[in-house]
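A look at the structure
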Amino acid sequence: MTTLLAYSMIVVFMTAIMTRKLSALIALILVPTVFALIGGYAGELPAMMIDGIRSIAPTAVLLLFAILYFGLMIDVGLFDPVVRLVVRLSHGDPVRVVVGTTLLSAVISLDGDGSTTYMLCVTAMMPMHRRLGLNPLILPLAIMMPNSIMNLMPYGGPPARVMAALHLDPSQVVLPLLPAMVLATLGSVAICYYLGLKERKRIGRIPEPAQRGVKKDDPFVGKEGDFAMPASSVPSATGWRAAFNLILTLTLMLLLVLDIAPLAILFMVAFAIAVTVNFPDVGAQRERIAEHSPNALAVASVIFAAGIFTGVLKGTGMTDALAQSIIWLIPDGHGSWLPLITALASAPFTFFLSNDAFYFGVVPVLAEAASTYGIPPEEIARASLIGQPVHQLSPLVAALYVLVNLSKVELGDFQRFAIKWTLVLTGLMLIGAVAMGAVTLPSFAN
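Everything numeric here is computed off the predicted structure, so don't read it as measured data.

Residues annotated by UniProt as "transmembrane region" (unreviewed entry) correspond here to residues 60-79, 134-153, 173-196, 246-275, 295-313 and 423-445. Along residues 60-79, the helical share is 80% and the strand share 0%, with 25 Å between the first and last C-alpha atoms. In the segment residues 173-196, helix accounts for 83% and strand for 0%; the C-alpha atoms at its two ends are 34 Å apart.

This is the structure in structure tokens:
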């Protein structure tokens, strides 16, 4: 009964947001509330909701202050040199713009944090995409695809979880997957090239400003006639302040990788230092906070709503029921299929479950079952990471709301547009993993 309730709730939730009957914020609150009541959990519902909100509160605080911090850094021009380089190489060509976007995302994604990548890349590349008239759904897709792959680096969230759950190390889990990750990254570039060609065919190249009658003061036009970010009302930091901002940001990135303190605390302290140094006047500080508060509030509110969804999933036992449903699907005597089953199941189950629920709840059960067939736990661990490109589209991924909010697209629209491409990347990951022996096919398993 609980399993049926869980799957029904997920289907109703996804239908509501993908058909745009409800916004993600409202659906995350109302749908689990209704299904908890249907399941007879009225008395326990408030406690479930509070537990879920408590569990997700650090993530909401992290995203709130990360948006404020990087919004401030963008205001003072920290990332302008990178943007100018990408702009200069794009030359108003849709193919170059889209491919440049995904390459920029691949590089920035090496820090292992999706929210950071999304904020930097969207802010840097959106003006060019909008000025060229590109499909607005291409921008978030081009940014998300390489990020979903780079998130499999040893310090990324999914590998860290599965290594902790199964007591493995990076050499057993991540290193064998590197060829598959390279193949999937090349796949993301190829997809963006294809989408760029389609857009070039649709809208053509944008000629030089002098040829297309653009005014000299067009905020999207740089000195060489390429497109740039709109001019900010805040003067760019220069001299020692510019150097300070760069050092502070690099230090913050290093501390994020070293994981010496909660990420929310690091961003809170970094923002407090940055706004004080760059805007000593209290009135100017208030203006900067007010400027970026709408984005921060929009994301934080959805994250807290997601806490209600996950709280109900866990509190009602739906998470455990979903985990057991995987095991029930495996026919007796077909345990040699477990690596492939795990790889294929990782996409839908990490879409409907949080990474914590999947890697700490489901994967250990699969690994234990596989051990009876002589399949090592590291192979199940590697297989469980294959579906991460699809996972990035999950409504339970906090960073996704940063991406769609900043890109100014609807969550349901983006999911419908992106799902086929994330499935392609998942397929490439699986092909690469099987080809290199990181995941074995049934006929090669014990």
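Counting residues in each nonpolar core, the largest one holds 138 residues, and the members touching the most others are Tyr69, Leu141, Val162 and Phe414. Per-element tally for this core: the top contributor is helix H3 (residues 45-75), with eleven residues. Per-domain counts for this core show at least three residues from each of domain 1 (62-204 + 234-293) and domain 2 (321-434). Ignoring anything within four residues of it in the chain, the contact list for phenylalanine 414 reads Leu137, Pro140, Leu141, Met144, Leu393, Leu400, Leu403, Val404 and Val409. In this structure, Ala36, Tyr41, Leu45 and Met49 belong to the second largest nonpolar core, which totals seven residues.

Let us now look at the side chain of serine 346. With respect to the helices, strands and loops of the structure, serine 346 is situated in helix H16 (residues 338-352). For serine 346, a relative accessible area of 0% puts it in the buried group. Excluding residues that lie within four positions of it along the chain, serine 346 makes contacts with Phe358, Ala383, Ser384, Ile386 and Gly387.

Our next topic: a nonpolar patch on the surface. There is a patch of nonpolar side chains on the surface, built from Ile265, Met268, Val269 and Ile273 and spanning about 310 Å² of accessible area. Position of isoleucine 265 relative to the elements: it lies in helix H13 (residues 263-278). With a relative accessible area of 42%, isoleucine 265 lands in the partly exposed category.

What follows covers the pattern of salt bridges. Applying the stated criterion across every chain, the model contains five salt bridges. Of the charged contacts, one joins arginine 288 and aspartate 75 as a salt bridge, the two residues approaching to 2.7 Å between their closest N and O atoms. With arginine 288 in helix H14 (residues 282-315) and aspartate 75 in helix H3, this pair connects stretches of sequence that are 213 residues apart. Of the two residues, arginine 288 and aspartate 75, both sit in the buried class. In this structure, glutamate 199 engages arginine 202 in a salt bridge whose closest nitrogen and oxygen atoms are separated by 2.6 Å. Residue glutamate 199 and its partner arginine 202 are both found in helix H10 (residues 178-203); the two are separated by three residues, about one turn of the helix.

Two numbers describe how H3 lies on H14: the axes approach to 6 Å, and their chain directions differ by 155 degrees. Accordingly, the angle class assigned to the pair H3 and H14 is roughly antiparallel. Our pair here, H3 against H14, has a crossing hand that is right-handed. The residue makeup of the contact of H3 with H14, split by class, is 21 nonpolar, ten polar and two charged.

Here we come to the environment of leucine 353. Assignment of secondary structure puts leucine 353 in the loop between H16 and helix H17 (355-371). Spatially, the C-alpha atom of leucine 353 lies 9.9 Å from that of methionine 318, the residues being 35 residues apart in sequence.

With that settled, consider the packing of helix H7 (residues 138-150) against H10. Close contact between H7 and H10 brings their axes to 9 Å; oriented N to C, the two are set at 170 degrees. One way to sum up the angle between H7 and H10 is to call them roughly antiparallel. Seen from H7, the contacting residues are Ile138, Leu141, Ala142, Met145, Pro146, Ile149 and Met150; seen from H10, they are Met181, Ala184, Thr185, Ser188, Ile191, Cys192, Leu195 and Glu199. Residue composition of the contact of H7 with H10, grouped by class: twelve nonpolar, two polar and one charged.

Conventions adopted
Residues numbered from 1 in each chain as written. Predicted model: local features only at pLDDT ≥ 70, side-chain atom pairs only at ≥ 80, totals over all residues. Heavy atoms only, no water. UniProt positions renumbered as here; feature names shortened; annotations may be inferred. Helix = DSSP H or I, 4+ residues; strand = E, 2+ residues; numbered from the N terminus. Core = buried A, V, L, I, M, F, W, Y, C linked by side-chain atoms within 4.5 Å. Buried < 20%, exposed > 50% of the residue type's maximum accessible area, 1.4 Å probe, protein only. Domains from an automatic or database assignment. Contact = heavy atoms within 4.5 Å. Patch = residues over 30% accessible without salt bridge, like charges linked within 9 Å, V, L, I, M, F, W, Y side chains within 5 Å. Areas by Shrake-Rupley, 256 points an atom, 1.4 Å probe, with all protein chains shown as cover. Salt bridge = Lys/Arg side-chain N within 4 Å of Asp/Glu carboxyl O. Axes fitted to C-alpha atoms, helices over the stretch in contact; angles between N-to-C directions. Parallel < 35°, antiparallel > 145°, perpendicular 65-115°, else oblique. Left-handed = near helix turned anticlockwise from the far one by under 90°. Nonpolar A, V, L, I, M, F, W, Y, C, P; charged D, E, K, R; others polar.

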